[in-house]
Amino acid sequence: FEDRFKNEKLRVEWTWNYTTSDVKTELKKGKLLLSGTPKGDNPNVSVLALRPQASDYVYETRVANNNQAFKGLTMYGDAKSLLAWGTEGNRLILKSIKDGKETVLFESVLSVEKPYLHIKVQDGHRLNFYWSEDGKAWKKVNDEILDFGDLIRWDRVARPGLLHMGEENQPAEFESFS
């Protein structure tokens, strides 16, 4: 699957967390703008995700803007159980949210405005995290493969995708997803 966001509408393969967020998307000049507002007492998390077709795969994106909202890749279980690999301001952050509790697993100062982000998945729940300045030379951020098996719920699979956490007026912009 690859989306360069050149169409007038989102591709039909995308799903979103409509039960917990009013997700707002806009396709504009080859970029996807993603934001939203929470429904009820849910956290402010907007997600576009895909159903994985295999247990071993990689997925990546290029973040195309810099603001105070968190934006990047996710492995999404639900609004209170997910992982987030992305940027916020000038920081590169990997965090896990389990039962609504956030744990930062990696953080560093970002050296470029538009980083590429990459996640390698094995067995559907064991993950490695990478970032790149140019989309070619990848830097791995975790020493050991991280197990996120707890994101898999009895009634659904954890889904890879794009994530925005923040105010609706500070959308995430993405140039691509594959």
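All of these numbers come straight from a predicted model, not from anything done at the bench.

Attention shifts here to the nonpolar core. It is characteristic of soluble globular proteins that their nonpolar side chains tend to be buried jointly. Membership of the largest hydrophobic core comes to 31 residues, with the highest contact counts inside it found for Met75, Leu83, Trp85, Ile119, Phe129 and Leu162. Elements supplying a minimum of two residues to this core: β3 (31–38), β5 (57–63), β6 (70–78), β7 (81–88), β8 (91–98), β10 (116–122), β11 (126–132) and β15 (172–177). Not counting residues up to four positions away in its chain, the partners in contact with Leu83 are Leu73, Thr74, Met75, Leu94, Lys95, Ser96, Ile119, Leu127, Phe129, Phe148 and Leu151. One finds Val45, Val47, Ala84 and Met165 within the second-largest nonpolar core, a separate group that totals twelve residues.

What follows concerns unusual backbone geometry. For Lys29, which is not glycine, the phi torsion reads 55 degrees and is therefore positive. The residue Lys29 is located in the loop between β2 (21–28) and β3 in this model.

So, on to the pairing of β10. Where a strand is regular, its side chains alternate between the two sheet faces. Within β10, five of the seven residues are buried, which leaves it mostly tucked inside the rest of the structure. Sheet topology note: the β10/β11 ladder contains seven bridges and is antiparallel. Each residue of the ladder has a partner; that of Val121, found in β11, is Leu127. Connecting β10 to the next strand, β11, in antiparallel fashion are three residues, including Asp123 with a positive phi near 55 degrees.

Let us now look at the pairing of β6. The buried count for β6 comes to eight of nine residues, which makes it a mostly enclosed element. Where β6 meets strand β14 (residues 159–165), seven bridges bridge the pair, whose relative direction is antiparallel. By the bridge assignment for β14, Phe70 is matched with Met165. Alignment of β6 against β7, held across seven bridges, turns out to be antiparallel. Residue pairing for β7: Thr74 is matched across the bridge by Ala84. Connecting the antiparallel pair β6 and β7 is a turn made up of two residues.

For the rest of this paragraph, the subject is the sheet that holds β6. Ordered in space as β1-β4-β14-β6-β7-β8-β9, the seven strands form an open sheet in which the pairing is antiparallel. Two strands lie at the open edges of the sheet, namely β1 (15–16) and β9 (101–109), each paired on one side alone. In this structure, β7 lies alongside β8, joined through seven bridges in antiparallel fashion. Across the sheet, the residue bridging to Ala84 is Lys95, located in β8.

Conventions used here
- Within each chain, residues carry numbers counting from 1 in the order of the written sequence.
- In keeping with the predicted nature of the model, local features appear solely for residues at pLDDT of at least 70, side-chain atom pairs appear and are counted solely at 80 or more, and the whole-chain, interface and lining totals rest on all residues.
- Only hydrogens and water are removed before side-chain values are computed, so all heavy atoms of the structure are retained for them.
- Nonpolar cores were defined as sets of buried Ala, Val, Leu, Ile, Met, Phe, Trp, Tyr and Cys residues, with membership established by side-chain atoms within 4.5 Å.
- Exposure classes here rest on a 1.4 Å probe applied to the protein chains alone. A residue is buried below 20% of its type maximum, exposed above 50%, and partly exposed in between.
- Secondary structure is summarised from DSSP: a helix means a run of H or I of at least four residues, a strand means a run of E of at least two, and numbering begins at the N terminus for each.
- Only heavy atoms matter for contacts: two residues are in contact if any of them lie within 4.5 Å across the pair.
- Should DSSP find at least two bridges between two strands, the strands are regarded as paired.

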